[in-house]
Amino acid sequence: MIRFVFFDVGGVLGTAGPEIKTQFVREIGISLDDYYAFQERFINRVDTGKMTRDVFFQMLNEAFHLGRGDLETVWGTIFERTYREFPQTREWAMKLKTKYGVGILSNVSPLTLVLHQEKKAYTGFEPWVFLSCEMGFGKPDPRVFNYINQKTKTKSNECVLIDDREEHVIGARNSGWRAIHHITLEQTQKEFEKIVHEK
């Protein structure tokens, strides 16, 4: 029996990070490939709150000799301009609350956390909001799913993750959760109905 459904934010409830990153690198004058190669070295530390975003931007500035002190501001401006909520997905999530606990499980840096809060991305999902920068670990780490099971007093197979990243879906399934690789709302709703009606 399903008791909880957890939604990712970027790519499920709202605009995904790659759209924001594409505009960011264009603005600061480096290639997307170079940015991703740099980010790959540090993103886990940023998303789990072990490295502050300002330190990340300072290191980015130094690595590419950008000579800019405004990278965090540029990121925030692009986020503000680019991020949009997907209202139909949110509406469906709120309808699910009549039958299930509904929450958020998202890998998010402290800076993006503030920007999401300004956009009210977590509103309506309280108290079941689980963020990597607050937990100290992120998807697909098995500790994430165990931690949430402890907090919600659930068994693994009583939780569903809806996420746009395949590696996070696999991580959830490996921890005993049900999980849906979100591509479209219609596809996700169909897969969710199948899970609900599994014997």
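These numbers come from a predicted model, not from an experiment.

**Student:** Please set out helix α10 (residues 185–196) residue by residue, giving values where relevant.
**Tutor:** In a regular helix each residue adds 1.5 Å, so 12 residues correspond to 16 Å; α10 covers 16 Å between its end C-alpha atoms and thus fits that length. Those residues of α10 lying buried are L185, Q187, T188, F192 and I195. Angular distribution of buried residues about the axis of α10 spans 160°; they occupy a single face of the element. For α10, exposure combined with an orientation more than 90 degrees from the buried face picks out E186, K190 and K194.

**Student:** Summarise the side chain of R53; cite the residues concerned and give the values.
**Tutor:** Residue placement: R53 occurs in helix α3 (residues 53–63). There is no salt bridge for the buried R53, and the closest opposite charge comes from D47, which lies 4.9 Å off by N-O distance. Excluding anything up to four places from it in sequence, R53 contacts Y35, I43, V46, E72, W75, S109 and L111.

**Student:** Can you break down the pairing of strand β4 (residues 159–163) residue by residue, with the values?
**Tutor:** For β4, the tally of buried residues reaches 5 of 5 residues, placing the bulk of the element in the interior. Here β4 shows two buried faces, one formed by C159, L161 and D163 and the other by V160 and I162. Where strand β1 (residues 4–7) lies against β4, 4 bridges are found, and the strand directions are parallel. Counted as the bridge partner of V5 is V160 from β4. Taken together, the 4 bridges between β4 and strand β5 (residues 178–181) define a ladder with parallel strand orientation. The residue bridging D163 from the neighbouring strand is H181, located in β5. With helix α9 (residues 166–174) bridging β4 and its parallel neighbour β5, the resulting β-α-β unit is right-handed.

Conventions used here
- Throughout, residues of each chain are indexed from 1 in the direction in which the sequence is written.
- Note on the predicted model: pLDDT of at least 70 is required for a residue's local features to be given, and 80 or more for side-chain atom pairs to be given and counted; whole-chain, interface and lining totals, by contrast, use all residues.
- Each side-chain value is worked out from all heavy atoms of the structure, with water and hydrogens disregarded.
- The secondary structure listing takes helices from DSSP runs of H or I that are at least 4 residues long and strands from runs of E that are at least 2 residues long, numbered from the N terminus.
- A helix is expected to span 1.5 Å for every residue after the first.
- Exposure categories follow from relative accessible area, calculated using a 1.4 Å probe and restricted to protein chains: below 20% of the type maximum is buried, above 50% is exposed, and the middle band is partly exposed.
- Working note: the arc is built from the helix axis to C-beta atom directions.
- Two residue types count as positive, namely Lys and Arg, and two as negative, namely Asp and Glu; His and chain ends fall outside the count.
- Every case where a carboxyl oxygen of Asp or Glu lies within 4 Å of a side-chain nitrogen of Lys or Arg is listed as a salt bridge.
- Residue contacts follow a heavy-atom distance rule, with two residues in contact if any of their heavy atoms lie within 4.5 Å.
- Two strands pair if DSSP finds at least two bridges between them.
- The crossover handedness rule: strands pointing away from the viewer, path from first strand over the helix to second strand clockwise, crossover right-handed.

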